Amino acid sequence: MTITTPQGFRASGVTAGLKASGTSDVALVVNDGPSDVAACVYTANRCKANPVLWSEQVTADGRAKAVVLNSGGANCYTGPEGFRTTHASAEQVAERLGAGAIDVVVCSTGLIGDQLDSDKLTAGIERAADTLSVDGGTAAAEAIMTTDTRTKESLRSGDGWSVGGMAKGAGMLAPAMATMLVVITTDAQLDSAAADRALRAATRVTFDRLDSDGCMSTNDTVLLMASGASGAAPDEAEFTARLTEVCHDLAQQLLSDAEGADHDIAIEVVHAASSGDAVEVGRSIARSNLFKTAVYGKDPNWGRILASVGTTGAVFEPGELDVAMNGVWICRGGEPGDSRDLVDLGERAVSVTVDLKAGTETATIWTNDLTHAYVHENSAYST
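This one's a predicted model, so the numbers in the text were calculated from it and none came from an experiment. (Residues numbered from 1 in each chain as written. Predicted model: local features only at pLDDT ≥ 70, side-chain atom pairs only at ≥ 80, totals over all residues. Heavy atoms only, no water.)

(A) A look at the side chain of Asp187. Within the secondary structure, Asp187 sits in the loop between β8 (181-186) and α5 (192-204). Among buried Asp, Glu, Lys and Arg side chains, Asp187 stands out as unpaired, with Arg242 the closest opposite charge at 12 Å. Filtering out sequence-adjacent residues up to four positions away, Asp187 remains in contact with Pro6, Gln7, Trp161, Ser162, Ser227, Gly228, Ala229, Ser230 and Gly231. (Helix = DSSP H or I, 4+ residues; strand = E, 2+ residues; numbered from the N terminus. Buried < 20%, exposed > 50% of the residue type's maximum accessible area, 1.4 Å probe, protein only. Lys, Arg positive; Asp, Glu negative; His and termini not counted. Salt bridge = Lys/Arg side-chain N within 4 Å of Asp/Glu carboxyl O. Contact = heavy atoms within 4.5 Å.)

(B) Region of interest: the nonpolar core. Residues Val26, Leu28, Val67, Val68, Leu69 and Met166 are the most contacted members of the largest nonpolar core, which totals 45 residues. A total of 5 residues in this core trace back to one element, the largest contributor, which is strand β2 (residues 26-31). (Core = buried A, V, L, I, M, F, W, Y, C linked by side-chain atoms within 4.5 Å.)

(C) Structural detail: the sheet that holds strand β3 (residues 37-42). Across the sheet, 5 strands lie side by side as β3-β9-β8-β7-β6; this open sheet has mixed pairing. A single partner strand is all that each edge strand has here, and the edge strands are β3 and β6 (152-157). On average, adjacent strands in this sheet sit at an angle of 10° to one another, irrespective of strand direction. Inspection of the sheet shows β3 paired to strand β9 (residues 221-226) by 6 bridges, in the antiparallel sense. Bridging across to β9, Val41 finds its partner in Val222. In this fold helix α6 (residues 236-256) packs onto β6, β7 (162-168), β8 and β9, with an angle of close to 160° to the strand it touches most, β6. (Pairing = 2+ DSSP bridges. Axes fitted to C-alpha atoms, helices over the stretch in contact; angles between N-to-C directions.)

(D) Structural context of the environment of Ser212. Its location among the elements puts Ser212 in the loop between α5 and β9. Relative accessible area serves as the criterion here: at 6%, Ser212 is assigned to the buried category. With 74 residues separating them in the primary sequence, Ser212 and Ala286 have C-alpha atoms 7.4 Å apart.

Written out as structure tokens, the structure reads:
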């Protein structure tokens, strides 16, 4: 169940010495065709890393033949030298493939503000190109890990075609178009317009609604590559559905591996006047440190939820709000409901439901609690 399960793809993951841990840190995924359709969504952060700036140019025409990824350094705020490193990486891969550099997406992840060791990266890319394999998907997924504790992979199948994906991410999970680094492959026959529509529809309701810690990365990239090698041309709606399942699975894997988290929280906002209102309310709750610390302390403090709802511009009447945690309606009509003592927060999974009683729209935002372990890990990240 890897990115090389769909026909037409090879991948690899090698150790270049970019990470102090000595674990693998360079991955390469190649689309052998016959089609080279690609679609990509990137971070909405205005402070974009060099690989994002480069890759936005690469995917502008809806095509890409390969993606090279490194962990061990974000290559962000590294000036002209950093951009040259990104460009050189694309040129190196392109030379090995007999393609153009403008057909190679580049992704980096790690610490912002440090130059990548270009000599190590160059040697790593050579080894990655030499070890490309149809069995190399998991090795690639391992090579893009940073603070991740495990690889994230997913696979879904259609009638004669499949979609595979890999992702990395354990912190800075608050995107506005994508999240962290994700590569998705398919052997379905698609045109670039359909691929773009499908990817944006899938990310809108999955990665874009994952808000682990309210911090948006400078390097977020979600890339879809289609080889067409299966010869099957699925209905666009069917393809979008399977792609969305892969994206949702990967997003939930990112959530469950979030740095230091003890609880995974699904915040469902129902009966909203618009989907935008539902997302705004859910995201406001997800970004409340008071709410997140309450969940960590196993305290079903619904007052903190209502306080967050009140900061939004959503349509609702404050005296009519209902709130449930793990199925217990602890607030009804803006007043105390069932006893909060009935809420058991001992398990990792936590559900929150907020009923705005203002319409028919619903949205779910996924987040985590805020723990001592999260603070410790991120206070010492660069050391």
